[in-house]
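Here's the letter readout for the chains.
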Amino acid sequence: MKKLLATAALTLLTTAPMVASANQYHTHHHYHHGGPNAYQGPRVGLGISYLSDRYIDTDTGFKLEGGYDFNRIVGFNLSYEESGYDYYRGSVDYSTVKFGTDLGYAFPLSPSVSLKPYISLGFHRTTEDDRWCSSKYCYSTNYSDTNTYYGIGVRLTADMFYINVSNEVLKLDVGPYRYEPDQIAVTVGLKF
């Protein structure tokens, strides 16, 4: 988890100045002279995601996300994420649908580049599929929970492209257990 976050942070820190200098003489219609629609519009992205806490540490899965930015401060997000892990004679898979908002401030780094640190909150539906086998039989169980999530993130937007890094905590009641795993993701995408 720390390795992924460090890599994502390093990517954002090293990419922002290069993208800002590369785009200093070019403006896209979203950012043209900081007009009224400079920070407004839909976005869609794809990336990697996984769950982690003291009980869970899934392999890296994938994330598909979409959203809409209303202005520099408020946006909404819809995403689907899958990850899981295998163990001796079994496996556990998680799938999550999230709908929520991000609240922050998009700081302009150049006419076509902005950086938005934000907090996120909303609702999720997470399903856990467990499969395991004994020496003679195989079994499976399925649990689902609809609950809330909260987290933090940062989104670097350059012209029509963006990179998003997020760490969101899912409140989760699965079977007899109640826990709050981190769902960590890095996505890249297009802003229209």
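Before reading further, recall that the structure is shown in the block above.
Bear in mind that the values here come from a model prediction, so they are computed numbers and not experimental data.

Engineer: Explain the overall build of the protein chain residue by residue, including any values.
Structural biologist: Regarding its fold elements, the protein chain presents one helix and eleven strands. Secondary structure elements in the protein chain, listed N-terminal to C-terminal, are α-β-β-β-β-β-β-β-β-β-β-β. When each of the 192 residues of the protein chain is scored for burial, the buried share is 47%. Summarising the internal contacts of the protein chain: among those between residues at least 6 apart in sequence, 60% fall at separations of at least 24. For the protein chain, the exposed area adds up to about 10,300 Å²; of that, 64% sits on carbon and sulfur atoms.

Engineer: Residue-level account of the nonpolar core, with values.
Structural biologist: Among the nonpolar cores identified, the biggest contains nine residues, and these are Leu51, Ile56, Val92, Tyr94, Tyr149, Leu170, Leu172, Val174 and Tyr179. Elements with a minimum of two residues in this core: strand S4 (90-104) and strand S9 (172-174). Beyond its immediate stretch of four places on either side in the chain, tyrosine 179 contacts Asp53, Ile56, Tyr94, Glu128, Leu170, Lys171, Leu172 and Val174.

Engineer: How would you summarise the packing of aromatic side chains if you had to cite specific residues and measurements?
Structural biologist: Scanning all chains against the criterion turns up seven aromatic pairs. Each ring, one from phenylalanine 62 and one from tyrosine 80, has its centre 6.0 Å from the other, and the planes form 50°; the classification is tilted. Here the residue phenylalanine 62 occupies a position in strand S2 (residues 61-69), and tyrosine 80 occupies one in strand S3 (residues 74-87), the gap between them amounting to 18 residues. Residue phenylalanine 62 is classed as partly exposed on the basis of its relative accessible area of 34%.

Engineer: Explain unusual backbone geometry residue by residue, including any values.
Structural biologist: Backbone geometry at arginine 89 places phi at a positive 70°, although glycine is not the residue there. Looking at where arginine 89 falls in the secondary structure, it is placed in the loop between S3 and S4. Phi is positive for aspartate 159, which is not a glycine, with a value near 60°. With respect to the secondary-structure elements, aspartate 159 resides in the loop between strand S7 (138-158) and strand S8 (161-170).

Engineer: Describe the pattern of salt bridges, naming the residues involved and giving the relevant values.
Structural biologist: Taken as a whole, this structure holds 13 salt bridges when the rule is applied. Taking the shortest distance from any N to any O, the salt bridge between aspartate 102 and arginine 43 comes out at 3.3 Å. With aspartate 102 in strand S4 and arginine 43 in strand S1 (residues 41-52), the pair connects residues that are 59 residues apart, well separated along the chain. Arginine 43 shares its class with aspartate 102; the two are buried. Salt-bridge contacts for lysine 63 lead to glutamate 81; the nearest nitrogen and oxygen are separated by 3.8 Å. Taken together, the positions of lysine 63 in strand S2 and glutamate 81 in strand S3 put the pair 18 residues apart, joining distant regions of the chain. For lysine 63, a relative accessible area of 4% corresponds to the buried category.

Engineer: Let's hear about the environment of arginine 155: which residues, and what values?
Structural biologist: Positionally, arginine 155 belongs in strand S7. Taking relative accessible area as the criterion, arginine 155 reaches 3% and is therefore assigned buried. Arginine 155 sits 39 residues away from lysine 116 along the chain, and the two C-alpha atoms are 5.1 Å apart. Not counting residues within four places of it along the chain, the set of residues in contact with arginine 155 comprises Arg43, Asp69, Asp102, Ser114, Leu115, Lys116, Tyr118, Tyr162, Ile163 and Asn164. Here the side chain of arginine 155 touches aspartate 69 through a polar contact of 3.3 Å, side chain to side chain.

Engineer: Please give an account of the environment of threonine 101 that cites residues and values.
Structural biologist: Counting through the fold element by element, threonine 101 comes out in strand S4. When the C-alpha positions of threonine 101 and phenylalanine 123 are compared, they lie 9.5 Å apart, and in sequence the two are 22 residues distant. With sequence-adjacent residues up to four places away left out, threonine 101 is seen in contact with Val74, Gly75, Phe76, Asn77, Ile119, Ser120, Leu121 and Tyr149. From its side chain, threonine 101 meets the backbone oxygen of glycine 75 in a polar contact 2.7 Å long.

The rules behind each value
Residues numbered from 1 in each chain as written. Predicted model: local features only at pLDDT ≥ 70, side-chain atom pairs only at ≥ 80, totals over all residues. Heavy atoms only, no water. Helix = DSSP H or I, 4+ residues; strand = E, 2+ residues; numbered from the N terminus. Buried < 20%, exposed > 50% of the residue type's maximum accessible area, 1.4 Å probe, protein only. Contact = heavy atoms within 4.5 Å. Areas by Shrake-Rupley, 256 points an atom, 1.4 Å probe, with all protein chains shown as cover. Core = buried A, V, L, I, M, F, W, Y, C linked by side-chain atoms within 4.5 Å. Phe/Tyr/Trp six-rings, centres within 6.5 Å; stacked < 30°, edge-to-face > 60°. Salt bridge = Lys/Arg side-chain N within 4 Å of Asp/Glu carboxyl O. Polar contact = N/O pair within 3.5 Å; in protein donor to acceptor, adjacent residues only side chain to side chain.

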